[in-house]
Number of protein chains: 2
Amino acid sequence: MQNEQPLIKRLARSGLAYMKKIVKIGLVQMACSKDADANLKKAVAGIEDCASRGAQIICLPELFLNPYFCQGPKDDHYFDLAEKIPGPTTDALAKLAQKTKTVILCPLFEKTAAGKFFNSIAVLNTDGKFLGTYRKMHIPSLPPDFYAEDYYFEKGEEGFKVFDTAYAKIGPMICYDQWFPEGARIAAAKGAQILFYPTAIGWPVNQSQEKSSAEHEAWQITQRSHGIDNNVFVCAANRVGREGDLKFWGTSFVSDPYGRVLAKASIDHEENLVVACDLSLIDEMRKEWPFLEERRIKLA
Amino acid sequence: MQNEQPLIKRLARSGLAYMKKIVKIGLVQMACSKDADANLKKAVAGIEDCASRGAQIICLPELFLNPYFCQGPKDDHYFDLAEKIPGPTTDALAKLAQKTKTVILCPLFEKTAAGKFFNSIAVLNTDGKFLGTYRKMHIPSLPPDFYAEDYYFEKGEEGFKVFDTAYAKIGPMICYDQWFPEGARIAAAKGAQILFYPTAIGWPVNQSQEKSSAEHEAWQITQRSHGIDNNVFVCAANRVGREGDLKFWGTSFVSDPYGRVLAKASIDHEENLVVACDLSLIDEMRKEWPFLEERRIKLA
């Protein structure tokens, strides 16, 4: 039994060559204000800029339409910010996806018809078609209330998802999900080639430099490792700028299946990253490091 | 339900202070020859050196008693290298553990009474008591036969384990296990404070510098991430030196729960690392990043 070669190894040993398959990712790193119209306008400009530079799959930061309201005093007025998916924002961005022939990952504060609230991503395909929604599975409630998301969002109950877009199979997750290897594993096992983590993470302004540095580095290491352990690409799109007592740390990046950072944004400026990813590296790497195949599923 | 605070957060918010709890780790990075007696002698010297410098838990590299025979032509004579656990080597090292008051992780090619062969670690406590064996769960069979371990070892069937030693709860795994976040997750969930990965990993001598560099970095990133995602310390003890067509890359290291590398050995010299770890950082970090508690177990 142990000497049976799984398919990918037989292919590798047969000498089958893989063709390059380049997909260009766009990440919009932006500051978000209380003015939803201004945030949407900025996001649209970011998407158009990425598309003009060849980006095919474009991701906005978590809850890009709103300030990060999960810090500070809890306030029920924030529930008014939620909207339906599909709804006005996805309608607007679906037209843009069609016009620019891009796939757009649109993170939104979602209110369902049943009156439930989620921290979600809508995925829009190049033909403007709404492919579905991922609802954030891991909801932080971190002391001292910088990320009190459990007050505003229910935990997603639909699991980790993969969307078969025009350019690649993608696994969208959101911010706090990035600390949990389970999500990355499941999305990759379902076929995701690229994981996306729209994010709103930063430093409490009064935190020590030592701790801030440790958190910042750990955030990159853990996401890069999900790429390595699953032989996939990883993209994080974060916001920048200070809101209340949080300074969002930007550092949006794309890493490859070896965890190599292909491009990384600044910690404090708005910018749009456009990064070419060769998806054939996924299968190339799996010839030698077929981690997904060699999991001990029954015992893990 | 979502607003119920788990125990560690209630403790954190109660202002309970954690005391420092320092444990000193010793890692023996060594080259291994065909002379088992010489390898054992070198390992004993390494353990004595670590102990004299205050190390309390000491780890040897994978299969330290033997050359790394899993590369090149398959040869049944190598099965003669296997031994029982407990057996002559653990008997010798148990006396040393007692003498030096150290915990010793002793990786061995194990032959069971039933005639099965495993890639294992014996854990010896400070009183010389044999605490048990971990048998490598993930067995590589990587082309082009640099790591054809599936010919020599059966896959461990007892799962991931935690041993409650005199100084800490430890989760021993072995080499290829380090690419699988499941093992780290399970060991940490069972209470492991420190994960140990004795290793025999290196570069094929004819491999490109670019690929070698990518593998070397990925190997560190993925292990550091297991520490981050589980709020634990991680230790890797690798061999050095060239054997056949493999150049083992050393780089034994200890990282903390933020994934910070506390100490790292060279890529090409034998050396013994002794590293102080403050285990109280585990609970400190879990106040803010309680990843183990917030897993979505039913959906992951």
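A.B. asks: When you look at the packing of helix α4 (residues 181-189) of chain A against helix α5 (residues 209-230) of chain A in this model, what are you seeing that I'm missing?
C.D. replies: Angle between the axes and distance between the axes are the two parameters that describe a pair of packed helices. Residues and elements named next belong to chain A. Close contact between α4 and α5 brings their axes to 10 Å; oriented N to C, the two are set at 35°. The handedness of the crossing between α4 and α5 comes out as right-handed. Counted together, P181, A184, R185 and A188 of α4 and H226, D229 and N230 of α5 form the full contact between these two elements. Residues of the contact of α4 with α5, tallied by class, amount to three nonpolar, two polar and two charged.

A.B. asks: Could you clarify how one ought to interpret the confidence of the model for chain A in this entry?
C.D. replies: Residue and element names in this part refer to chain A. Of the residues in chain A, 93% reach a pLDDT of 70 or more, and the chain-wide mean stands at 93. Within the model, the stretch residues 1-8 combines pLDDT values under 50 with 14 contacts to residues more than four positions away or in other chains. Here residues 10-16 scores under 50 on pLDDT; set against residues more than four positions off or in separate chains, the count is ten contacts.

A.B. asks: Is there a simple way to explain the sheet that holds strand β3 (residues 103-111) of chain B in this structure?
C.D. replies: Two modes of strand pairing occur in sheets, parallel and antiparallel, and in both the strands are linked by backbone hydrogen bonds. All names here are of chain B. Strand order in the open sheet formed by six strands is β5-β4-β3-β2-β1-β17, with mixed pairing between adjacent strands. In this open sheet, the two strands that pair with only one neighbour each are β5 (130-135) and β17 (271-278). Strand-to-strand twist of the sheet, defined as the mean angle between neighbouring strand axes without regard to direction, takes the value 25°. One ladder, built from three bridges, connects strand β2 (residues 57-59) with β3; its direction is parallel. Counted as the bridge partner of C59 is L105 from β3.

A.B. asks: Teacher, can you tell me more about the pairing of strand β16 (residues 261-264) of chain B here?
C.D. replies: Successive residues of a regular strand alternate their side chains across the two faces of the sheet. Residue and element names in this part refer to chain B. Bridging between strand β15 (residues 253-255) and β16 involves three bridges; their strand directions are antiparallel. If you follow F253 over to β16, its bridge partner there is K264. Between β15 and β16, which pair antiparallel one after the other, the connecting turn spans five residues, and G259 there sits at a positive phi close to 80°.

A.B. asks: How do you make sense of the environment of P257(A) when you look at a structure like this?
C.D. replies: Residues and elements named next belong to chain A. Looking at where P257 falls in the secondary structure, it is placed in the loop between β15 (253-255) and β16 (261-264). Exposure remark for P257: the relative accessible area of 0% places this residue in the buried category. C-alpha of P257 to C-alpha of F233: the two residues are 24 residues apart in sequence and 5.4 Å apart in space. Apart from the residues within four sequence positions on either side, P257 is in contact with G227, I228, N231, V232, F233, L281, I282 and M285.

A.B. asks: Sorry if this is basic, but what is going on with the packing of helix α2 (residues 36-52) of chain B against helix α3 (residues 88-100) of chain B here?
C.D. replies: Residues and elements named next belong to chain B. Between α2 and α3, the shortest axis-to-axis distance is 11 Å and the interhelical angle comes to 15°. Between α2 and α3, the angle falls in the class roughly parallel. Relative to α3, α2 is oriented so that their crossing is right-handed. Here α2 contributes L40, V44, I47, E48 and A51 to the contact with α3, which in turn contributes T89, L93, L96, K99 and T100. The class makeup of the residues in the contact of α2 with α3 is six nonpolar, two polar and two charged.

A.B. asks: What's the story with the nonpolar core in this structure? I'm lost.
C.D. replies: Proteins that are soluble and globular tend to have nonpolar side chains buried together. Within the largest apolar cluster, 148 residues are counted, with the highest numbers of intra-cluster contacts made by I194(A) and I194(B). Other than its neighbours up to four places away in sequence, I194(B) contacts V23(B), I25(B), I57(B), A168(B), K169(B), I170(B), G171(B), F233(B), C235(B) and L279(B). If you look at the next biggest cluster of nonpolar residues, it comprises 22 residues, including V28(B), A94(B), L96(B) and C106(B).

A.B. asks: Hey, could you run me through the interface of chain A and chain B in this one?
C.D. replies: When the parts of a complex come together, some accessible area is lost, and that lost area is often taken as the interface size. Each side of the interface is counted separately: chain A has 51 residues, and chain B has 51 residues. With both chains or domains summed, chain A and chain B bury close to 5000 Å², and 54% of this area falls on carbon and sulfur atoms. At the surface where chain A touches chain B, the tally comes to eight salt bridges. The partner of K211(A) in a salt bridge is E288(B), with the nearest N and O atoms 2.8 Å apart.

A.B. asks: Quick question: what am I supposed to make of the pattern of salt bridges here?
C.D. replies: Working definition: two side chains of opposite charge can pair if their charged atoms are close together. Under the definition given, this model contains 34 salt bridges over all chains. Salt-bridge contacts for R185(B) lead to E182(A); the nearest nitrogen and oxygen are separated by 2.6 Å. Here R185(B), found in helix α4 (residues 181-189), pairs with E182(A), found in helix α4, and the two come from separate chains. Note on accessibility: R185(B) and E182(A) belong to one class, buried. With a closest N to O distance of 2.8 Å, E243(A) and R239(A) form a salt bridge. We classify R239(A) as buried; its relative accessible area is 0%. Within the structure, one salt-bridge network assembled from shared partners comprises E110(A), R135(A), E158(A) and K161(A).

A.B. asks: Would you explain the sheet that holds strand β10 (residues 194-198) of chain B in this entry?
C.D. replies: Residues and elements named next belong to chain B. Pairing is mixed in the open sheet, where six strands are placed in the order β8-β9-β10-β12-β15-β16. The outermost strands of the open sheet, each flanked by one partner alone, are β8 (163-164) and β16. Pairing geometry for β10 and strand β12 (residues 233-237), over five bridges, is parallel. Each residue of the ladder has a partner; that of Y197, found in β12, is A236.

A.B. asks: Hey, could you run me through the pairing of β3(B) in this one?
C.D. replies: All names here are of chain B. With eight of its nine residues buried, β3 lies for the most part within the structure. In the sheet, β3 pairs with strand β4 (residues 117-124) via eight bridges, with the strands oriented antiparallel. Looking at β4, one finds that L105 is bridged to V123. Linking β3 back to β4 in an antiparallel pair, the connection comprises five residues, with G115 at a positive phi of about 85°.

A.B. asks: Help me understand the relation of the copies chain A and chain B, please; the structure alone is not making it clear to me.
C.D. replies: Placing chain A over chain B gives an RMSD of 0.0 Å and needs a rotation angle of 180°, together with 0.0 Å of translation along the axis. On the angle and the small slide along the axis, the relation comes out as a two-fold axis. When the interface residues of chain A are mapped onto chain B, 100% of them again lie at the interface, so the same face is used by both copies.

About the criteria used
- Residues numbered from 1 in each chain as written.
- Chains lettered and ligands numbered in written order.
- Predicted model: local features only at pLDDT ≥ 70, side-chain atom pairs only at ≥ 80, totals over all residues.
- Heavy atoms only, no water.
- Axes fitted to C-alpha atoms, helices over the stretch in contact; angles between N-to-C directions.
- Helix = DSSP H or I, 4+ residues; strand = E, 2+ residues; numbered from the N terminus.
- Left-handed = near helix turned anticlockwise from the far one by under 90°.
- Contact = heavy atoms within 4.5 Å.
- Nonpolar A, V, L, I, M, F, W, Y, C, P; charged D, E, K, R; others polar.
- pLDDT = per-residue confidence, 0-100.
- Pairing = 2+ DSSP bridges.
- Buried < 20%, exposed > 50% of the residue type's maximum accessible area, 1.4 Å probe, protein only.
- Parallel < 35°, antiparallel > 145°, perpendicular 65-115°, else oblique.
- Core = buried A, V, L, I, M, F, W, Y, C linked by side-chain atoms within 4.5 Å.
- Buried area = accessible area lost by both parts, 1.4 Å probe.
- Salt bridge = Lys/Arg side-chain N within 4 Å of Asp/Glu carboxyl O.
- Least-squares fit on C-alpha atoms with pLDDT ≥ 70 in both.

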